[in-house]
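Observations on the three-dimensional arrangement
Letter by letter, the chains look like this.
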Amino acid sequence: MFLTRFRINTARPGSRRLLASPQALHAAVMSSFPTLLPTDGPGTDGQRVLWRLDQNARAEVMLFVVSPDRPDLTHLVEQAGWPAVATSDSPGWQTRPYAPLLDRLAKGERWSFRLTANPVHHIRRTSDEPRKRTAHLTPIHQMGWLLDPDRQERAGFRVLEKPDDKRLLPAGTTHTKHPHHGDRYELTVRDHRALAFDKSRDAGASRKRPVSLVTVTFDGRLEVTDPAAMRRTLTGGLGKAKAYGCGLMTLAPLPPE
């Protein structure tokens, strides 16, 4: 597995086209792998190509990619990077093996994390109506999606709680009793985006079908509870809409207290 980082040159027309279309960016990412097709899903071991956009400032947009194979982003540098300053030693992106981090994960370790996800639930208005996938629209419910105990257990981590001296609510308040998840947990939600675009029903088909989804970015702190499950989360993604920039969780060492 490999982790790749690419800074997008937001001043270029090609960048603006890619940033405006999750479908176009997905196709560009998948084109970095000569043995894969744009529609390829996860392999038999659950590993797949995941990507995420991080906008740290107006002109600083980073593309992160996790992949089973080492990518070649030459075409992205030409469309949306700085090709004039690219060299063989510094091609315009950075790729490093992911295995050293994955292999060292241990139960009880604590990390900072970032995740862009598509928090959804299934509802129906009447008992005879089929269940429909619907996006969570408020930060409270979006946090609740990630804090779901079953989801965290399957993913191999738990979101850390804040120390008592950093809470505004009384100790012992749980997310099932009180909606203020952000007060109890080391978790924030930001960058709420509602995306809508057309997707071809078949390759080369003229008919389109509408796609709409809501994405948010979670920043927080977690503790690893199941290293094997945590590795699957990092390489296979978490949640839906993985083809559109969702599901990729990255870890970083906690800052010193």
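The structure displayed is predicted, hence computed values, not measured ones.

**Considerations on helix 2 (residues 22-30)**
With seven of nine residues buried, helix 2 lies mostly within the body of the structure. Of all the residues in helix 2, the buried ones are Pro22, Ala24, Leu25, His26, Ala28, Val29 and Met30.

**A word on the sheet that holds strand 1 (residues 2-8)**
With antiparallel pairing, four strands are arranged side by side in an open sheet as 2-3-1-4. A strand with exactly one partner marks an edge of an open sheet, and here the two such strands are strand 2 (50-57) and strand 4 (94-97). Looking at each pair of strands side by side, their axes are set apart by 20 degrees on average, direction ignored. Here four bridges tie strand 1 to strand 4, and the two strands are oriented antiparallel to one another.

**Focus: unusual backbone geometry**
In this structure, Ala241 takes a positive phi of about 60 degrees despite not being glycine. With respect to the secondary-structure elements, Ala241 resides in the loop between helix 8 (227-236) and strand 11 (249-253).

**Observations concerning the environment of Arg17**
Tracing the sequence through the fold places Arg17 in helix 1 (residues 13-19). The contact partners of Arg17, leaving out residues within four places of it in the chain, are Ala24 and Gln79.

**Re the nonpolar core**
With 32 residues, the main nonpolar core has Phe113, Leu146, Phe157, Leu187, Phe218, Leu222 and Met249 as its most contacted residues. At the level of elements, strand 3 (60-67), strand 5 (110-117), helix 5 (139-147), strand 8 (157-159), strand 10 (208-224), helix 8 and strand 11 are the ones that each hand at least two residues to this core. Beyond its immediate sequence surroundings of up to four residues, Phe157 is in contact with Leu146, Gln152, Leu222, Glu223, Val224, Thr225, Met230, Leu238 and Met249.

**Notes on the environment of Glu78**
One can find Glu78 in helix 3 (residues 74-80). The sequence separation of Glu78 and Gly92 amounts to 14 residues, and the corresponding C-alpha distance is 9.6 Å. Those residues in contact with Glu78, other than ones at most four positions away along the chain, are Arg12 and Pro83.

**Describing the confidence of the model for the chain**
Taken over all residues, the pLDDT of the chain has a mean of 83, while the share at 70 or more is 77%. Confidence drops under a pLDDT of 50 for residues 171-179, and excluding neighbours within four residues, the segment shows 12 contacts in the predicted structure.

**Section: the pairing of strand 2**
Both strand 2 and strand 3 contribute to a ladder of seven bridges, which runs antiparallel. By the bridge assignment, Leu50 is partnered in strand 3 with Val66. Taking the residues between adjacent antiparallel strands as the criterion, strand 2 and strand 3 are bridged by two residues.

Calculation criteria
Residues numbered from 1 in each chain as written. Predicted model: local features only at pLDDT ≥ 70, side-chain atom pairs only at ≥ 80, totals over all residues. Heavy atoms only, no water. Buried < 20%, exposed > 50% of the residue type's maximum accessible area, 1.4 Å probe, protein only. Helix = DSSP H or I, 4+ residues; strand = E, 2+ residues; numbered from the N terminus. Pairing = 2+ DSSP bridges. Axes fitted to C-alpha atoms, helices over the stretch in contact; angles between N-to-C directions. Contact = heavy atoms within 4.5 Å. Core = buried A, V, L, I, M, F, W, Y, C linked by side-chain atoms within 4.5 Å. pLDDT = per-residue confidence, 0-100.

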